[in-house]
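Structural characterization, general
So the chains spell out like this:
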Amino acid sequence: METPKSRELPVVVVEQIVPSKVCFACDVCCRFPEQDSALRPYFTKEEIRAAVARGLSPDAFPDHAGSKVAVVPHGEGYRCPAFDPQTGHCGIYEDRPLDCRLYPVAVMWDHAHSAVVMGWDSKCPFIRDNLDSPESRAYVERIAALLESKESVKVLACNSQLIGLFQDDVIVLRRLDRLTDTLRSSTSFER
Ligand code: SF4
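**Observations regarding the overall build of the chain**
Each helix and strand in the chain was counted, giving seven helices and 10 strands. Relative to its length of 191 residues, the chain is compact, with a C-alpha radius of gyration of 16 Å against a globular reference of 16 Å. Taken along the three principal axes of its C-alpha coordinates, the chain extends 45 × 45 × 25 Å. Taking the contacts inside the chain whose residues are at least 6 apart along the sequence as the reference set, 72% of them involve residues at least 24 apart.

Have a look at this one:
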């Protein structure tokens, strides 16, 4: 019988609002102060397969059914193993996971843990400077619609680690009602 773990899911590809050249020049992303940082990117089973095909070690993923990446020592902290410290680039950029593509959009539970919301992570310097631009507002509309699509809801519900815990430095933009209702109505999606 098919189980949630064995189910094949689509890879959700979203456009990224921060231009790649801005990301590559920034020292916020892809590096983490702690080995168990909650901000380490999560890869779905399908994204792990694509990352390994691009040369990332299978050992970078503690659970091949979907897991946060295992970071490696870097200076006084840690970095994603896909991050190349020489070039400052992502070594799997074309196949980076949804978690990385979405950033600085955060998908997380609200403070009361009663609804899933999306918001801007104010730690991103680019978005701090572009919070209210017409481009940012239009992007929010497109991404909210994509996150509430049937396909995305299925992927997020089956990979619940993509939904973070509440962070008070995230500027909440809106509730994701379809995703919330799906998570509430079915625990069979849990991985
Ligand atoms: S997968 Fe690429 S973009 Fe994502 S954290 Fe790792 S190096 Fe950065």
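**Some words on the domain arrangement of the chain**
When cut into domains, the chain gives domain 1 (18-97) and domain 2 (104-185). Here domain 1 and domain 2 have C-alpha centroids that lie 21 Å from each other. Looking at the side of domain 1 that touches domain 2 residue by residue, the classes come out as six nonpolar, two polar and one charged.

**Section: the site of the ligand**
Surrounding the ligand, one finds Cys29, Cys30, Pro41, Cys80, Ala82, Phe83, Cys90, Ile92, Arg96 and Cys100. When its residues are assigned to classes, the shell around the ligand shows nine nonpolar, no polar and one charged.

**Comments concerning the nonpolar core**
Formed by 27 residues in total, the largest nonpolar core has its most connected members in Val105, Val107, Met118, Leu156 and Leu179. Among the secondary structure elements, those contributing two or more residues to this core are α3 (98-102), β8 (105-109), β9 (116-121), α5 (134-147), α6 (150-158) and α7 (177-185). Among the elements that take part in this core, α6 stands out by supplying five residues, more than any other. Residues Ala51, Phe61, Val71 and Tyr78 belong to the second largest nonpolar core, which totals 13 residues.

**A word on the pairing of β8**
Sheet faces and side chains relate simply in a regular strand, where the side chains alternate between the two faces. The element β8 is largely enclosed, with a buried count of four among its five residues. Pairing analysis gives five bridges linking β8 to β9, with the strands arranged antiparallel. Bridge assignment links Val105 to a residue of β9, and that residue is Trp120. Hairpin connection between β8 and β9: a loop of six residues separates the two successive antiparallel strands, and His113 in this loop has a positive phi of roughly 55 degrees.

**Re the packing of α6 against α7**
Running from N to C, α6 and α7 cross one another at 45 degrees; their axes reach a closest spacing of 10 Å. It follows from the interaxial angle that α6 and α7 lie oblique. At the point where α6 passes α7, the crossing takes the right-handed sense. Of the residues in α7, those in contact with Val153, Leu156 and Ala157 of α6 are Arg178, Leu179, Thr182 and Leu183. For the contact of α6 with α7, the class distribution of residues is five nonpolar, one polar and one charged.

**Here's the deal with the sheet that holds strand β1 (residues 31-32)**
Taken in spatial order, the three strands of this open sheet run β1-β5-β4, and their pairing is antiparallel. Of all strands in the sheet, those bounded by a partner on one side alone are β1 and β4 (72-74).

**Points about unusual backbone geometry**
A cis geometry characterises the amide bond from Tyr103 onward to Pro104, with omega recorded as 15 degrees. Secondary-structure assignment places Pro104 in the loop between α3 and β8. You will see that Cys30, though not glycine, has its phi angle at about 70 degrees, which is positive. Looking at the secondary structure, you find Cys30 in the loop between α1 (20-24) and β1. Backbone geometry places His113, a non-glycine residue, at a positive phi of 55 degrees. The exposure class assigned to His113 is exposed, which follows from the 10 C-beta atoms found within 10 Å.

**Observations concerning the sheet that holds β9**
The three strands are arranged β8-β9-β10 in an open sheet whose pairing can be described as antiparallel. At either margin of the open sheet sits one strand with a lone partner, and together these are β8 and β10 (170-175). Along the sheet, successive strands turn relative to each other by an average axial angle of 35 degrees, direction set aside.

The rules we used
- Residues numbered from 1 in each chain as written.
- Predicted model: local features only at pLDDT ≥ 70, side-chain atom pairs only at ≥ 80, totals over all residues.
- Helix = DSSP H or I, 4+ residues; strand = E, 2+ residues; numbered from the N terminus.
- Rg over C-alpha atoms; globule rule 2.2 N^0.38 Å.
- Contact = placed C-beta atoms within 7 Å.
- Domains from an automatic or database assignment.
- Nonpolar A, V, L, I, M, F, W, Y, C, P; charged D, E, K, R; others polar.
- Near = placed C-beta within 6 Å.
- Core = buried A, V, L, I, M, F, W, Y, C linked by C-beta atoms within 7 Å.
- Buried ≥ 20, exposed ≤ 12 C-beta atoms within 10 Å, placed from the backbone.
- Pairing = 2+ DSSP bridges.
- Axes fitted to C-alpha atoms, helices over the stretch in contact; angles between N-to-C directions.
- Parallel < 35°, antiparallel > 145°, perpendicular 65-115°, else oblique.
- Left-handed = near helix turned anticlockwise from the far one by under 90°.

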